[in-house]
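# Working through the structure, step by step
Read off the chains here:
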Amino acid sequence: MAYLDGCVIAVPTANKQKFIEHAKTVDALFLEFGATRVVECWGDDVQPGKQTDFQRAVQATAEETVVFSWIEWPDKATRDAGMEKMMNDPRMTPDVNPMPFDGKRMIFGGFVPVLELGS
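Now for a quick tour of the structure. Since this is a predicted model, take the numbers as computed values, not measurements. (Residues numbered from 1 in each chain as written. Predicted model: local features only at pLDDT ≥ 70, side-chain atom pairs only at ≥ 80, totals over all residues. Heavy atoms only, no water.)

Secondary structure assignment for the protein yields three helices and four strands. Listing every helix and strand of the protein by position from the N terminus yields β-α-β-α-β-α-β. On C-alpha atoms alone, the protein measures out to a radius of gyration of 15 Å, which is about the 14 Å that the 2.2 N^0.38 rule sets for 119 residues. Projected onto its principal axes, the C-alpha positions of the protein cover 40 × 40 × 25 Å. (Helix = DSSP H or I, 4+ residues; strand = E, 2+ residues; numbered from the N terminus. Rg over C-alpha atoms; globule rule 2.2 N^0.38 Å.)

Let us now look at the sheet that holds strand 3 (residues 64-73). In space, the four strands of this open sheet follow the order 2-3-1-4, with antiparallel pairing throughout. Either end of the sheet is taken by a strand with one partner, and the two such strands are strand 2 (37-42) and strand 4 (107-111). Here the average twist between neighbouring strands, direction ignored, is 15 degrees. Relative to strand 4, strand 1 (residues 3-12) runs antiparallel, the two being bridged by five bridges. Residue pairing in the sheet places L4 in a bridge with F111 of strand 4. Sitting on the sheet, helix 1 (residues 16-32) touches strand 1, strand 2 and strand 3, and the angle it makes with strand 2 is about 165 degrees. (Pairing = 2+ DSSP bridges. Axes fitted to C-alpha atoms, helices over the stretch in contact; angles between N-to-C directions. Contact = heavy atoms within 4.5 Å.)

Now for the environment of E116. Relative to the helices and strands, E116 resides in the segment after strand 4. With relative accessibility at 67%, the residue E116 sits in the exposed group. Here the alpha-carbon distance between E116 and I9, two residues 107 residues apart in the chain, equals 25 Å. (Buried < 20%, exposed > 50% of the residue type's maximum accessible area, 1.4 Å probe, protein only.)

Looking now at the side chain of R105. One can find R105 in the loop between helix 3 (76-88) and strand 4. Accessibility expressed as a relative area gives 16% for R105, which makes it buried. In terms of polar contacts, R105 uses its side chain to reach the backbone carbonyl oxygen of Q59, at 2.7 Å. Engagement of the side chain of R105 in a polar contact is seen with the side chain of D102, the distance being 3.1 Å. Beyond its immediate stretch of four places on either side in the chain, R105 contacts V8, A10, V58, Q59, A60 and E64. (Polar contact = N/O pair within 3.5 Å; in protein donor to acceptor, adjacent residues only side chain to side chain.)

Structure representation (structure tokens):
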């Protein structure tokens, strides 16, 4: 069964192009290590909520845009092996591939699909 990793981050709006370049590099590694698809989504209509919302979840400032991303894997075993390879790959070190956002405010987790509709 497929497995997904989801991520929400706050990226300085001025760093949009830097983020895209960073994502191209990192996402290519996910694919190299077994992911079947990676999607990066730049916030466009991310409204404030009454109780909580994406901005508060990642402590986004007025100068930042919320980014929502996911990685699709064929199964959890492939994801676990791929993530281990990612963490040990020298191309992922901050001096080689610095993050254009504050990684400490990233929300990240793995999910098992329970329903899928459409194509």
